[in-house]
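Secondary and tertiary structure notes
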Amino acid sequence: MTEESPSSSPTAMRRILPADLVERGGCPFDPPPGLLARRGQGPVQSLPLLNGAGAWLVTGFEEARTVLSDARFSADRVRHREATSLQPHEVAELAAGTLRPGPSVESREDGFFVFMDPPEHTRIRRLLTGQFTVRRMRSLEARVTEIAVEHIEAMKAAGGEADLVPAFALPLPSLVICELLGVDYADRAEFQERTAVGLNANATDEERAASGLELYAFMQRLVADKRANPADDLLSGLAHDADPPLTDAQLVDVALVLLGAGHETTANMLGLGTFALLENPDQLAALQADPTLIDNAVEELLRYLSIIQLGVSRVTTEPVTLGGVDLPAGATVVIATPEVNRDAQQWPDADRFDVHRPRTPHLAFGHGVHQCLGQQLARIEMQIGLRELITRLPGLRMTVPAEKVPLRNEMLIFGVHSLPVTW
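Residues numbered from 1 in each chain as written. Predicted model: local features only at pLDDT ≥ 70, side-chain atom pairs only at ≥ 80, totals over all residues. Heavy atoms only, no water.

Residue placement: Gln250 occurs in helix α12 (residues 248–278). The spatial distance from the C-alpha of Gln250 to the C-alpha of Asp110 is 5.1 Å, given a sequence separation of 140 residues. If we ignore the near neighbours within four places in the chain, the residues touching Gln250 are Arg108, Glu109, Asp110, Gly111 and Arg123. Within the local environment of Gln250, its side chain forms a polar contact with the backbone oxygen of Glu109, the two atoms lying 3.5 Å apart. (Helix = DSSP H or I, 4+ residues; strand = E, 2+ residues; numbered from the N terminus. Contact = heavy atoms within 4.5 Å. Polar contact = N/O pair within 3.5 Å; in protein donor to acceptor, adjacent residues only side chain to side chain.)

Here is the structure:
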């Protein structure tokens with residue numbers, strides 16, 4: 001993997017977006033102030049980028065669903081250059097009509113399926129769907145409970161206070177994705193560290209490149225081991241059961257995508273979700289009084305928090321009219337997930353956190369052919385994790401004021417760096 005691989009594009013894009021569109025303001029649970037300021041200006045708006053290029057920002061729920069499900073909006077970042085990936089000199093060349101087209105790509109040989117269109121995406125997605133079986137998810141449910149209880153009991157044994165992020169929110173999904181992929185427990189810290197650097201928009205290009213190469217080498221060793229010593233894990237299944245078979249390079253790419261998506265997102269939802277519950281004591285009390293609300297609470301947290309900030313993007317392959325706006329072919333469209341999931345046309349009183357809110361579709365897991373493969377597992381981890389926290393730690397509360405909780409504004413995935421609590 002190099003800096004130019006598709007997997008690096010989201011972080012690169014995060015670095016050229018206006019800060020007020022990605023950094024949270026006064027309330028850590030609300031969309032960034034730049035998004036709030038754009039309310040009432042239409043579901044599709046022009047988006048100037050810091051590299052001098054222009055894109056389009058989608059803030060409407062129905063318009064976002066269209067972008068994610070309409071084949072005219074491409075996810076292929078190899079065949080379609082996004083405005084977010086252009087260097088300033090390329091923007092000038094594009095305006096002057098002198099930008100040279102990239103090399104023609106007949107077929108994709110990599111495994112970054114989240115940045116592919118059908119039919120290439122379809123093939124890898126179908127293989128992965130075959131590995132995310134009901135049996136495997138059910139077997140992991142018991143393990144998720146075991147891991148959650150172990151870490152809560154360890155927190156209690158260590159004293160009356162803890163930082164919930166390293167003590168609970170991060171290890172829970174991290175250990176689960178380790179078991180799913182077949183990663184040895186002893187190697188967990190290494191891939192956590194490498195992944196964190198890759199998702200840090202403030203890391204230098206050199207730091208991200210070095211971390212990416214180390215993570216790639218780690219995955220190469222893991223794939224080689226699964227080829228030689230298959231076990232009952234997802235990566236072994238992909239290595240031995242895929243027809244036609246995936247190359248080692250494709251397996252490494254797929255594993256990297258699953259690794260990053262499988263623990264960073266859920267870890268931050270657990271940390272930020274607990275923060276939101278503690279800052280809304282009436283909602284926490286409702287959940288404690290009626291634990292059957294946990295499914296509703298998780299769906300509401302997914303909608304209300306939207307930790308995927310700006311980063312889900314597509315390129316139009318032909319002229320398209322979206323939300324009353326005419327987009328030319330080659331236009332970059334960026335979905336503002338925090339604002340899309342607060343669309344007043346879709347939810348009454350959308351800025352209010354309400355665990356009693358009836359379950360309705362949201363876009364926390366995306367939509368269409370690229371909808372998150374691991375959403376069932378993420379829900380299980382959040383439901384069990386939050387349930388065990390509020391039942392096993394009575395009186396759970398923070399030990400610092402809310403404004404002292406450090407936010408992950410510099411990261412691609414929003415959340416909290418730490419959450420000091422007692423009980």
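Another point: the sheet that holds strand β9 (residues 397–398). Read from one edge of the open sheet, 3 strands run β4-β10-β9, paired in antiparallel fashion. Here the strands that pair on one side only, and so sit at the sheet edges, are β4 (161–163) and β9. Sheet topology places β9 next to strand β10 (residues 420–422); 2 bridges connect them, and they run antiparallel. Note that in β10 the partner of Arg397 across the bridge is Thr422. (Pairing = 2+ DSSP bridges.)

In the contact formed by helix α8 (residues 171–181) and α12, the axes pass within 8 Å of each other and the chain directions differ by 155 degrees. Taken together, the axes of α8 and α12 are roughly antiparallel relative to one another. The element α8 and its partner α12 pack so that their crossing is right-handed. Facing α8, whose interface residues are Leu172, Pro173, Ser174, Ile177 and Leu181, α12 presents Ala255, Leu258, Leu259, Gly262, His263, Thr266, Ala267 and Leu270. (Axes fitted to C-alpha atoms, helices over the stretch in contact; angles between N-to-C directions. Parallel < 35°, antiparallel > 145°, perpendicular 65-115°, else oblique. Left-handed = near helix turned anticlockwise from the far one by under 90°.)

Another point: the side chain of Asn296. On the secondary structure map, Asn296 appears in helix α14 (residues 294–305). Excluding its chain neighbours within four sequence positions, the residues that come into contact with Asn296 are Val355, His356, Arg357, Pro358 and Arg359.

Glancing now at the pairing of strand β2 (residues 54–58). Strand direction decides the pairing type here: strand β1 (residues 44–48) and β2, joined by 5 bridges, are antiparallel. Directly across from Pro48, in β2, lies its bridge partner Gly54. Linking β1 back to β2 in an antiparallel pair, the connection comprises 5 residues, with Gly52 at a positive phi of about 95 degrees. Of the strand pairs in this sheet, β2 and strand β8 (residues 332–336) are connected by 3 bridges, and their pairing is parallel. By the bridge assignment for β8, Leu57 is matched with Val334.

Residue Pro119 is reached from Pro118 by a cis peptide bond, and omega for that bond is 5 degrees. Note that the residue after Asp243, namely Pro244, is joined by a cis bond; omega there is 0 degrees. As for its placement among the helices and strands, Pro244 is situated in the loop between α11 (234–241) and α12. Phi angles above zero are rare outside glycine, and Ser306 is one such case at about 45 degrees. By secondary structure assignment, the location of Ser306 is in the loop between α14 and β5 (310–316). At Asp349, a residue that is not glycine, the phi angle is positive and equals roughly 50 degrees.

Contact pair α8 / helix α16 (residues 375–392): the axes reach a minimum separation of 11 Å and the direction vectors enclose 140 degrees. The angle between the axes of α8 and α16 places the two elements in the oblique class. Here α8 runs over α16; the crossing is right-handed. Contacts between α8 and α16 involve Leu172, Pro173, Val176 and Leu180 on the former and, on the latter, Leu377, Glu381 and Gly385. By residue class, the composition of the contact of α8 with α16 is 5 nonpolar, 1 polar and 1 charged. (Nonpolar A, V, L, I, M, F, W, Y, C, P; charged D, E, K, R; others polar.)

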